[in-house]
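As a plain string of letters, each chain reads:
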Amino acid sequence: METSAQTKNRTILGLKLTGPLIIAGPCSAETEEQVLSTAKQIASLGKVNIFRAGIWKPRTRPGQFEGIGSIGLEWLKKVKSETGLPSTVEVANVKHVYEALKWGVDFLWIGARTTVNPFSVQEIADALRGVNIPVLVKNPVNADLDLWIGAIERFHKAGITQLAAIHRGFSSYDKSQYRNKPMWEIPIELKRRMPDIPLICDPSHICGRTDTLLATAQVAIDLAYDGLMIESHYKPSSALSDAKQQLTPEELGKLLEKIVVRVTSVEDRKFISTLEDLRDKIDELDNNLVQLLANRMEVARSIGACKKQSGVTILQNVRWSEIIQKRTIQGVEKKLTAEFVKKIFESIHHESIFQQEQIMKEK
Ligand code: PEP
Ligand code: MN
C-alpha cells in the first residue's frame, strides 16, 4: 500500500497503526484447515490487523450454510496463537455474545440484519454491560442513518468505549452494479455527526464480486475512511458462502499494494462522495438505456417478421416521419436539443432497419 508522507501514526480500536486498519478473512469459518491456512497466508502478507470469520451466518434463504457454530471459535483461538492475529466475529444474539467472550474473541461485529432491529441491538448491548470489548457496527440493510447511529448509541450507553462503524452498502432490488449500493453520502454524514467513530468500508459486501473491489476500496480511502474489511478465502470458488466476492490471500495482498492513501480535506470528501453517487446514477441510467434499446430492437425484429409474412417493405416513410416529429417535440419539452434527438433517432432507425433486414434474409 502506497502511503503519503503525511499519514500519521494513530490508534484505532486500541491498535497502533501507520495506515488504514485492515480486517480480512473468510466470509465464514468452514473447516479448521480452511481457517488456519487462510489465516496463515493472510498473516504472511504483513498488512492485515484483524482476522474476520463468520461463525453464525445470517442467510437470506433457508437451506444454505448457516455457519459452523461455536467449534469455529476454537479455530480462531488457534489462529491467534499461531499467527498473532486477533479475531472478530459477528454476534446476532446473546448466546453468540457469551460464546464469543468465552473463547476470547477480540472484537465483535454487528451484522447489517441485526442493526435494523433495536430490540436485538439492545439485548446484545445489555449482555455486554461491564465487558470492555470493541464493537463494530455494520450499517443496517436499509438506507436509514438514524438506525445506524441509534445502534452505535445503544452500545455507547451500555459502556462500550471502543466503537467503529462498518459501511457495507444498502440493499436494493436492482443488483446490476452493486450487491449493496454504497450511497456514499450516508456514511459521510455519519462521519460528520460522529467524527470520533472510526469508519471502515466493507467493499466485499458492497460489490458482491471481485473485479470492482479495488475501485470501491480506493473510493473509501479517498473519502478518508479509517479502514477496510475485505473477505478472503484460501479457495474462493469452493467457499460455502459469498464465493463470488472473496479474494485469495495473494489477490488480497495485490489489492492492498495498489491502494493509494492520500490526505483528504473535508471539502474533498464531500466532493468525492457527491461525484461517486452521481457516477453511479449515470451508470445505472446507461445500463437502462442499453436494455431499452435491446428491447426496442427485439420489437423491431418482430415487426420485420410480420412484414416478411405479409410481403410488405421494410421502410415505411410515413411512420418514420411521425416518429421523428413526435420524439423531437417531446425531447425539446424535456430540455434536449432538436438536433440531438434527431441524431439519436436516425441512428435507432438505422439499426432497426438493419435488424429487420436480417429477419428478411433469414430463410
Ligand atoms: C458478513 O460480513 O459476512 C455479513 C454477513 O455481512 P452483512 O451483515 O454486511 O451482510
Ligand atoms: Mn459474507
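The paragraphs below set out a description of the structure included in this document. Since the structure is predicted, the reported quantities are computational estimates derived from the model, not experimental observations.

So, how was this worked out
Residues numbered from 1 in each chain as written. Chains lettered and ligands numbered in written order. Predicted model: local features only at pLDDT ≥ 70, side-chain atom pairs only at ≥ 80, totals over all residues. Heavy atoms only, no water. Helix = DSSP H or I, 4+ residues; strand = E, 2+ residues; numbered from the N terminus. Rg over C-alpha atoms; globule rule 2.2 N^0.38 Å. Buried < 20%, exposed > 50% of the residue type's maximum accessible area, 1.4 Å probe, protein only. Contact = heavy atoms within 4.5 Å. Areas by Shrake-Rupley, 256 points an atom, 1.4 Å probe, with all protein chains shown as cover. Lys, Arg positive; Asp, Glu negative; His and termini not counted. Charge placed at Lys NZ, Arg CZ, Asp CG, Glu CD. Near = heavy atom within 4 Å. Polar contact = N/O pair within 3.5 Å; in protein donor to acceptor, adjacent residues only side chain to side chain. Expected span 1.5 Å × (residues − 1). Axes fitted to C-alpha atoms, helices over the stretch in contact; angles between N-to-C directions. Parallel < 35°, antiparallel > 145°, perpendicular 65-115°, else oblique. Left-handed = near helix turned anticlockwise from the far one by under 90°. Nonpolar A, V, L, I, M, F, W, Y, C, P; charged D, E, K, R; others polar. Salt bridge = Lys/Arg side-chain N within 4 Å of Asp/Glu carboxyl O. Patch = residues over 30% accessible without salt bridge, like charges linked within 9 Å, V, L, I, M, F, W, Y side chains within 5 Å. Phe/Tyr/Trp six-rings, centres within 6.5 Å; stacked < 30°, edge-to-face > 60°. Donors = N, O, S within 2.8 Å, 3.2 Å for Na, K, Ca; no water.

## Brief notes about the overall build of the protein chain
The secondary structure content of the protein chain amounts to 13 helices and 14 strands. Against the globule reference of 21 Å for 363 residues, the protein chain gives a C-alpha radius of gyration of 26 Å, more extended than a compact globule. The principal-axis extent of the C-alpha atoms belonging to the protein chain is close to 80 × 45 × 45 Å. Taking all 363 residues of the protein chain together, the buried fraction comes to 46%. Pairs at least 24 residues apart make up 73% of the contacts formed inside the protein chain by residues separated by at least 6 positions. Counting only carbon and sulfur atoms, one obtains 55% of the accessible surface of the protein chain, whose full area is about 18,600 Å². Considering the protein chain, the positive charge centre built from 49 side chains and the negative charge centre built from 44 side chains are found 2 Å apart.

## Let's talk about the site of ligand 1
The immediate surroundings of ligand 1 are formed by Cys27, Arg52, Lys57, Glu90, Trp109, Gly111, Ala112, Arg113, Lys138, Arg168, His205 and Glu231. A distance of 2.8 Å separates an oxygen atom of ligand 1 from a polar side-chain atom of Arg113. One nitrogen or oxygen atom from the side chain of His205 is found 3.2 Å from an oxygen atom belonging to ligand 1. Within the complex, the protein chains bury 97% of what would otherwise be the 300 Å² of accessible surface of ligand 1.

## Quick word on helix H7 (residues 185-193)
For H7, the full list of buried residues reads Ile186, Pro187, Ile188, Leu190 and Lys191. For H7, the elements touching its buried residues are helix H6 (145-157), strand S9 (163-167), strand S10 (170-171), strand S12 (199-201) and helix H11 (266-310).

## Quick word on helix H1 (residues 32-45)
Since the α-helix turns once every 3.6 residues, residues separated by three or four places project in the same direction. Taking 1.5 Å as the rise per residue, H1 with 14 residues should run 20 Å; its terminal C-alpha atoms sit 20 Å apart, in good agreement. Restricting attention to buried positions, one finds in H1 the residues Gln34, Val35, Leu36, Thr38, Ala39 and Ile42. In this fold, the buried residues of H1 make contact with strand S4 (21-25), strand S5 (50-52), helix H2 (71-83) and helix H10 (249-258). Positive backbone phi, at 70 degrees, marks Gly46, one or two positions downstream of H1.

## Structural notes on the packing of H1 against H10
In the contact formed by H1 and H10, the axes pass within 9 Å of each other and the chain directions differ by 25 degrees. By the angle between their axes, H1 is roughly parallel relative to H10. Handedness of the H1/H10 crossing: right-handed. Each of Thr38, Gln41, Ile42 and Leu45 in H1 lies in contact with H10, whose residues at this interface are Pro249, Leu252 and Gly253. For the contact of H1 with H10, the class distribution of residues is four nonpolar, three polar and no charged.

## Topic: the side chain of Glu90
Examined against the element boundaries, Glu90 turns out to sit in strand S6 (residues 87-90). Buried Glu90, no salt bridge; nearest opposite-charge side chain is Lys57, N-O distance 4.9 Å. With sequence-adjacent residues up to four places away left out, Glu90 is seen in contact with Trp56, Pro58, Trp109, Gly111 and Thr114.

## Brief notes about a nonpolar patch on the surface
Together, Leu336, Phe340 and Ile344 give the surface a local cluster of nonpolar side chains, amounting to about 250 Å² of exposed area. Within the element layout of this structure, Leu336 appears in the loop between helix H12 (317-333) and helix H13 (338-361). Overall, the relative accessible area of 39% leaves Leu336 in the partly exposed class.

## Focus: the packing of aromatic side chains
One pass over the full model with this rule turns up two aromatic pairs. Centroid distance Trp148 to Phe170: 6.5 Å. Interplanar angle 75 degrees. Geometry classified as edge-to-face. Here Trp148 is found in helix H6, whereas its partner Phe170 is found in strand S10, with 22 residues between them in sequence. Assigned by exposure class, Trp148 and Phe170 land together as buried. Taking 5.9 Å as the distance between ring centres and 80 degrees as the angle between the ring planes, the aromatic pair formed by Trp184 and Tyr225 counts as edge-to-face. Here the residue Trp184 occupies a position in the loop between strand S11 (180-181) and H7, and Tyr225 occupies one in the loop between helix H9 (213-222) and strand S13 (227-231), the gap between them amounting to 41 residues. Residue Trp184 shares its accessibility class with Tyr225, and that shared class is buried.

## Some words on the coordination of the manganese ion (ligand 2)
Donor atoms from the polypeptide that bind the manganese ion (ligand 2) are Cys27 (SG), His205 (NE2), Glu231 (OE) and Asp242 (OD), placed at 2.1 to 2.4 Å. Mapped onto the polypeptide sequence, the residues donating to the manganese ion (ligand 2) form the spacing pattern C-x177-H-x25-E-x10-D. Residue Cys27 is located in the loop between S4 and H1, and its partner His205 is located in helix H8 (residues 203-207); the two are separated by 178 residues in the primary sequence. An identical accessibility class is assigned to Cys27 and His205; each is buried.

That is the geometry; function is a separate question.
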